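# Per-entry structural report
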Amino acid sequence: CSVNSKGLTDWLNMLKVEDLSGTASVITNPNPDTVDAYYMDVTVPAFADLKAATYAAVDVRDYNGFPMTLRREFFFIKNRFVVVRDTATFREAFLARLGPTWATQNVGMQVGPHWANTYLSAQVSFNQKMKQPPMDLLVYHAPKSDRRLQILDETADVRRLDMPLSLRYVWQGVVQPGQPYAFTHLMMPDIPRRKSFFNTMPGGVSLQEVAGQYIAAGVTALLDTPERSVWRVRSAGNREEWVVLNATGAAVDTDSLRTDARQAYVDTVNGK
């Protein structure tokens, strides 16, 4: 995030909630001595750091002033990718638009119905050198028929001059009290593909576009419900990685995977 984001966090890499009806209750901060507009109660009910992966869950009550509770889960597979899961539960009904947001500088030609390849072309920290090498980042949402991918140019907001684009996967409707609304997405870095941007295959298809489709083709959300999410990532060398988020610990039987783990990561090569 950029320095300009310090003032307000309604557009950062988080679940964005919009009250389209203008009827939702607003929970404000009663303390006049703080600059925060809302008072949010935040707890971390789970945090486990193991050799292969880190899992954490964060609960936020009265999220951004809305009458709701948000649980955000992070499952970081070390040096590979991260799965992020948002589960929103509301206390009252109102017409809403909600979905996870990723703020970035660029979205290239590699865009699908529920995924896109993103990248930064310039540093976002003022006068601070960025030592890490440039990387592309695939943002892949578990596909749902009632949701759509949005790529928004928000340069009209002065805070967004260095991070002008928002990549969102949104649902719109009347939220029902007590009903969970879950959004799960996977974020995978990869080497930059833009050097081949002007190289095209027969038919005018760019090599960059083909490369992005190949990476996304290896990602599959096998199961994604309010209760659990199961992902499989296939890559070169007959490697398969499985990720399970299963908060209730109920039995999961999907494809060739059977488990009752609350969280699981399985890494296989040639079936071993």
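Residues numbered from 1 in each chain as written. Predicted model: local features only at pLDDT ≥ 70, side-chain atom pairs only at ≥ 80, totals over all residues. Heavy atoms only, no water.

Our next topic: the overall build of the chain. When you go through the chain residue by residue, the secondary structure sums to one helix and 20 strands. A buried classification covers 44% of the 272 residues belonging to the chain. Carbon and sulfur atoms form 55% of the exposed surface of the chain, whose accessible area is close to 14,300 Å². (Helix = DSSP H or I, 4+ residues; strand = E, 2+ residues; numbered from the N terminus. Buried < 20%, exposed > 50% of the residue type's maximum accessible area, 1.4 Å probe, protein only. Areas by Shrake-Rupley, 256 points an atom, 1.4 Å probe, with all protein chains shown as cover.)

Quick look at the pattern of salt bridges now. Counted under the stated rule, the structure contains 17 salt bridges. Here aspartate 224 makes a salt bridge to arginine 85, at a shortest N to O gap of 3.2 Å. You can see aspartate 224 sitting in strand β15 (residues 219-224) and its partner arginine 85 sitting in strand β5 (residues 81-90), a full 139 residues away along the chain. Connected through salt bridges with shared partners, the residues Glu73, Arg85, Lys144 and Asp224 form a single ionic network. (Salt bridge = Lys/Arg side-chain N within 4 Å of Asp/Glu carboxyl O.)

Let us now look at the sheet that holds strand β6 (residues 94-104). Here we have four strands laid out as an open sheet, ordered β1-β6-β11-β10, and antiparallel in their pairing. Only two strands of the sheet have a single neighbouring strand rather than two, namely β1 (15-19) and β10 (148-153). Neighbour-to-neighbour, the strand axes of the sheet open up by a mean angle of 35°, direction not taken into account. When β1 meets β6, the two strands line up antiparallel, connected through five bridges. Within β6, the residue paired with aspartate 19 across the bridge is alanine 96. (Pairing = 2+ DSSP bridges. Axes fitted to C-alpha atoms, helices over the stretch in contact; angles between N-to-C directions.)

This next bit is on the pairing of β6. Judged by how many residues are buried, β6 sits mostly within the fold: eight of 11 residues are covered. Judged from the nine bridges that link them, β6 and strand β11 (residues 165-175) form a sheet pairing that is antiparallel. Following the sheet pairing, leucine 95 is matched in β11 by valine 174.

On to the sheet that holds strand β7 (residues 106-111). Pairing in this open sheet of eight strands is antiparallel, and the strands run β2-β3-β4-β5-β12-β9-β8-β7 from one edge to the other. At either end of the open sheet lies a strand with only one pairing partner, and these are β2 (41-49) and β7. Put simply, the sheet's adjacent strands are angled 20° from each other on average, direction ignored. Both β7 and strand β8 (residues 115-119) contribute to a ladder of three bridges, which runs antiparallel. Opposite valine 107, over in β8, you have threonine 118 as the bridge partner.

Following the sequence through the fold, methionine 187 ends up in strand β12 (residues 180-190). Here methionine 187 falls in the buried class, since its relative accessible area comes to 9%. With residues up to four places along the chain from it excluded, the contact list for methionine 187 reads Phe81, Val82, Trp102, Leu137, Leu138 and Val139. (Contact = heavy atoms within 4.5 Å.)

Each regular strand displays side chains that alternate between the two surfaces of the sheet. Most of strand β17 (residues 239-246) is tucked away: seven of the eight residues are buried. Bridge count for strand β16 (residues 228-235) against β17 is eight bridges, and the pairing is antiparallel. Within the sheet, the bridge partner assigned to tryptophan 231 lies in β17 and is valine 243. The turn joining β16 and β17, which pair antiparallel and follow one another in sequence, is formed by three residues; a positive phi near 80° is taken by glycine 237. Both β17 and strand β20 (residues 263-269) contribute to a ladder of seven bridges, which runs antiparallel. Counted as the bridge partner of arginine 239 is valine 269 from β20.

Purely geometric stuff here, so don't read any function into it on its own.
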